[in-house]
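Secondary and tertiary structure notes
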Amino acid sequence: MARPDVSAWVALGANLGDPVAAVRAALNALDHTPGLRLLRASSLYRSAPHEAQGPDFINAVAEIATTLSAPDLLSALQAIEAGAGRERPYHHAPRTLDLDLLFYGDARIHSPTLTVPHPRWRERAFVLVPLAELAPERLPAGWQAAVAGQPIERASTSR
């Protein structure tokens, strides 16, 4: 029996190499990885590093449908990162691609390898602004005001 689709939300970011191309390629990979289907993606946004180093990031948020379990989805996201040359030399290092699982349906998961909803999604303009573009109902009033000091601007209206 086939596993039913779960709606999941992924934050995408990159600030090394060609970050626009990396985020666009990752969106394509989200639509072409077995068990994943891209439903919609936000515009691309440029943001200053937040608790990180290096040049500005290109960010987006995507909603996907998946038949994968949450741990298997995390593994698929990490494989997409690895395919883009992601290295993890130190915490918050600049990156060719970063994919964070924000939500997995309505699940609340707290394991040594995965926490869903993402523990810091509410603190990051580079998540809240693109998420508000796609699903403003997910953001209680005032949340975006809490991150208003974090510079972010639309970089592109299409992926």
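Our structure's up above, just so we're on the same page.
Worth saying up front: this structure is predicted, and the values here are computed from it rather than measured.

**With respect to the overall build of the protein**
Scanning the protein from terminus to terminus reveals three helices and eight strands. Secondary structure of the protein in N-to-C order comes out as β-α-β-β-β-α-β-β-β-α-β. Split by element, the accessible area of the protein, about 7900 Å² in all, is 52% carbon and sulfur.

**Some points on helix 3 (residues 125–134)**
Most of helix 3 is tucked away: nine of the ten residues are buried. Turning to helix 3, its buried residues number three or more, namely A125, F126, V127, L128, V129, P130, L131, A132 and L134.

**Observations regarding the nonpolar core**
Ranked by size, the top nonpolar core spans 31 residues in total, and within it L12, V23, L30, I64, L73, L99 and L101 carry the most contacts. Taken together, the elements giving at least two residues each to this core come down to strand 1 (6–14), helix 1 (19–32), strand 2 (36–41), strand 4 (57–66), helix 2 (70–83) and strand 5 (98–104). One finds V61, F126, V127 and L128 within the second-largest nonpolar core, a separate group that totals 18 residues.

**Brief notes about the side chain of S69**
Topologically, S69 is positioned in the loop between strand 4 and helix 2. Of the residues examined, S69 reaches a relative accessible area of 17% and is grouped as buried. In this structure S69 touches R3 and Y104, once residues within four positions along its chain are discounted.

**Focus on helix 2**
Counting along an α-helix, one turn takes 3.6 residues, and residues three or four places apart therefore face a common direction. Between its terminal C-alpha atoms helix 2 stretches 20 Å, which fits the 20 Å expected from 14 residues at 1.5 Å a residue. Taken together, the buried positions of helix 2 are occupied by A70, L73, L74, A76, L77, I80 and E81. Burial along helix 2 is one-sided: seen end-on, the buried residues are contained in an arc of 160°. Exposed and facing more than 90 degrees away from the buried side of helix 2 are P71, A82 and G83. If you follow the buried residues of helix 2, they end up packed against strand 1, helix 1, strand 2, strand 4, strand 5 and strand 6 (109–110).

**Quick notes on the side chain of S42**
The topology assignment puts S42 in the loop between strand 2 and strand 3 (44–47). Note on S42: relative accessible area 3%, which makes it buried. The residues touching S42, leaving out its near neighbours within four places in the chain, are A60, V61, P130, E133 and L134.

**A word on the layout of surface pockets**
When its volume is computed, the second largest pocket comes out at roughly 160 Å³. What lines the second largest pocket is a set of ten residues, and nearest its centre among them are F103, R108, P117, W121 and R138. Its residues assigned to classes, the lining of the second largest pocket comprises five nonpolar, one polar and four charged.

**A closer look at the packing of aromatic side chains**
Tallying each qualifying case throughout the model produces zero aromatic pairs. Over the ring of F103 we find R138; its NZ or CZ atom is 4.3 Å from the centre of that ring.

**Describing the pattern of salt bridges**
This structure, assessed with the given rule, holds three salt bridges. With a shortest N-O distance of 2.7 Å, R37 and D5 are connected by a salt bridge. Here the residue R37 occupies a position in strand 2, and D5 occupies one in the segment before strand 1, the gap between them amounting to 32 residues. Judged by its relative accessible area of 41%, R37 is partly exposed. We note a salt bridge from R124 to D100, for which the minimum N-O separation is 3.9 Å. Of this pair, R124 sits in the loop between strand 7 (115–116) and helix 3 while D100 sits in strand 5, placing them 24 residues apart in sequence. An identical accessibility class is assigned to R124 and D100; each is buried.

Reading the values: rules and limits
- Residues numbered from 1 in each chain as written.
- Predicted model: local features only at pLDDT ≥ 70, side-chain atom pairs only at ≥ 80, totals over all residues.
- Heavy atoms only, no water.
- Helix = DSSP H or I, 4+ residues; strand = E, 2+ residues; numbered from the N terminus.
- Areas by Shrake-Rupley, 256 points an atom, 1.4 Å probe, with all protein chains shown as cover.
- Buried < 20%, exposed > 50% of the residue type's maximum accessible area, 1.4 Å probe, protein only.
- Core = buried A, V, L, I, M, F, W, Y, C linked by side-chain atoms within 4.5 Å.
- Contact = heavy atoms within 4.5 Å.
- Expected span 1.5 Å × (residues − 1).
- Arc of directions from axis to C-beta.
- 1 Å grid on protein atoms, 1.4 Å probe; cavity = no way out; pocket = protein on both sides within 12 Å on 5 of 7 lines; lining within 4 Å.
- Points joined across faces, edges and corners; volume = space filled by probe spheres on them.
- Nonpolar A, V, L, I, M, F, W, Y, C, P; charged D, E, K, R; others polar.
- Phe/Tyr/Trp six-rings, centres within 6.5 Å; stacked < 30°, edge-to-face > 60°.
- Lys NZ or Arg CZ within 6 Å of the ring centre and 35° of its normal.
- Salt bridge = Lys/Arg side-chain N within 4 Å of Asp/Glu carboxyl O.

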